[in-house]
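# Coordinates in review
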Amino acid sequence: MSPAHATRRAHDAEDAFRVEPYSAKELRFHVAGAALNAAVVVASLAWVIATWERHAIAWWGVLLALLAGAFVADLVSGLLHWAFDTWFNENIPFVRRMVLQVREHHIYPQRIFDIHFTHDAGTLSWISLIFAAPVAAWTIFDADSALPVYAVLALGSFSPLLVFMLETHKCGHRSRNPLAVRLLQKSGVLLSPSHHMRHHCGNHDVNYCIVNGWADRTLGRLGLFRGLEWVVERTTGARPQRDDHEWLRRFGRQVHPRQAQPERARQLRQRGT
Ligand SMILES: [Zn+2]
Ligand SMILES: [Zn+2]
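No experiment lies behind these values; they were computed from the predicted model shown.

## Structural notes on the overall build of the chain
For the chain, the helix and strand inventory stands at 14 helices and zero strands. Tracing the chain from N to C terminus, the helices and strands come up as α-α-α-α-α-α-α-α-α-α-α-α-α-α. Expressed as a percentage of the 273 residues in the chain, the buried residues total 32%. Long-range pairs, those at least 24 residues apart, make up 68% of the contacts in the chain with a sequence separation of at least 6.

In structure tokens, the structure reads:
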């Protein structure tokens, strides 16, 4: 490759993913989402503490609710990641910035460290609020029942894990993490690098979940994502991962055709990844 050609490709790499800086209006939107979500989750947890004796909650119920919240956070992270990898493209204005970030991440994985947590947390707080608001309303309209208490406890693990899901993803990409994070990764509480690397060394169509991978190991293995793709493809005629494959080809990266997936899965199993 000539120096001029190499320079042109380098410029293409820089420009292709460039997005406008956040406007003041977008930043206000993020701050509002973070504040609202935090207020709803904290107020709901305060209600649980204030009414604890009235509901006589069992310790195993607390544990189960927290585990359920962590599982749902992982599942939602996987569904969001899957939707961006499989169906969205950068020509849809509302999701353009996120699409470019996930395409860039597939081509240059380490560039996620240029994205600050505060920019991720605002959007994710709004998504958390979609779940938190109905749970909070449930506590108001069904205050005597124990069921909303369990839902709030689940929210107690769900909301922070969802808001921090791109941080747990970053930990899955770091070559060095603090000892506490490494222990949590080894024990399966947080996303491990080995689990997430299967997403990157393949065709970006497995291991979508980026909180802890629990939903990949259960619903993912049972065919959740392939089943959803079948439904979307049948109903809309859209082809899965079309945009992702175009970006990979544009940057000279290898694309594994979808029909070769059983063979690809066998190769990955043999390599122990
Ligand atoms: Zn990644
Ligand atoms: Zn991906």
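The discussion continues.
## Focus: the packing of helix α5 (residues 96-107) against helix α13 (residues 242-250)
At a closest axis distance of 10 Å, the pairing of α5 and α13 adopts a crossing angle of 50 degrees. Looking at the two axes, α5 sits oblique to α13. Crossing handedness for the pair α5 and α13: right-handed. Facing R103, H106 and I107 of α5, the residues of α13 in contact are D244, W247 and L248. Partitioned by chemical class, the residues of the contact of α5 with α13 number three nonpolar, one polar and two charged.

## Focus: the environment of V255
Relative to the helices and strands, V255 resides in the loop between α13 and α14 (261-270). Using a count of 14 C-beta atoms within 10 Å as the deciding quantity, one classes V255 as partly exposed. Sequence-wise, V255 and G202 are 53 residues apart; in three dimensions their C-alpha atoms are separated by 8.9 Å. If sequence neighbours within four positions are ignored, V255 has contacts with H245, L248 and R249.

## Focus: the nonpolar core
Grouped together as the largest cluster of nonpolar side chains are 46 residues, with contacts concentrated most on A73, A132, L155, F158, L162, M165 and V211. Breaking this core down by element, the ones donating at least two residues are α2 (24-50), α4 (59-86), α5, α6 (117-141), α7 (147-163), α8 (165-171) and α11 (214-220). Counting residues per element, this core draws most heavily on α7, at eleven residues. The contact partners of M165, leaving out residues within four places of it in the chain, are A73, S77, L124, I210 and V211.

## A look at the packing of α2 against α7
Relative orientation of the contacting elements α2 and α7 amounts to 140 degrees, with a least axis distance of 9 Å. Comparing the axis directions of α2 and α7 gives the class oblique. Every pair of crossing elements has a handedness; the one defined by α2 and α7 is left-handed. Contact residues: N37, V41, S44, L45 and V48 in α2; V149, V152, L153, L155, G156 and S159 in α7. Residue composition of the contact of α2 with α7, by class: seven nonpolar, four polar and no charged.

## Notes on α7
Each α-helix winds once per 3.6 residues, and so residues spaced three or four apart point in a common direction. The terminal C-alpha atoms of α7 lie 24 Å apart, and with 17 residues this matches the ideal 24 Å at 1.5 Å per residue to within 8%. Taking the largest bend as the criterion, α7 deviates by roughly 30 degrees, centred on L155. Taking burial as the measure, the 17 residues of α7 include 13 buried ones, the bulk of the element.

## Things to note about unusual backbone geometry
A positive phi is found at A56, a non-glycine position, where the angle reads about 45 degrees. Positionally, A56 belongs in the loop between α3 (52-55) and α4. For A56, a count of 9 C-beta atoms within 10 Å gives the class exposed. Here Q241, not a glycine, exhibits a phi torsion of approximately 65 degrees, which is positive. Assignment of secondary structure puts Q241 in the loop between α12 (224-236) and α13. With 18 C-beta atoms counted inside 10 Å, the residue Q241 sits in the partly exposed group.

## Points about α5
Taking 1.5 Å per residue as the helical rise, α5 with its twelve residues ought to reach 16 Å, and the 17 Å between its terminal C-alpha atoms agrees with that figure. Buried within α5 we find V99, V102, R103, E104 and H105.

Conventions adopted
Residues numbered from 1 in each chain as written. Chains lettered and ligands numbered in written order. Predicted model: local features only at pLDDT ≥ 70, side-chain atom pairs only at ≥ 80, totals over all residues. Helix = DSSP H or I, 4+ residues; strand = E, 2+ residues; numbered from the N terminus. Buried ≥ 20, exposed ≤ 12 C-beta atoms within 10 Å, placed from the backbone. Contact = placed C-beta atoms within 7 Å. Axes fitted to C-alpha atoms, helices over the stretch in contact; angles between N-to-C directions. Parallel < 35°, antiparallel > 145°, perpendicular 65-115°, else oblique. Left-handed = near helix turned anticlockwise from the far one by under 90°. Nonpolar A, V, L, I, M, F, W, Y, C, P; charged D, E, K, R; others polar. Core = buried A, V, L, I, M, F, W, Y, C linked by C-beta atoms within 7 Å. Expected span 1.5 Å × (residues − 1). Bend = angle between axes of the 7 residues up to and from the residue.

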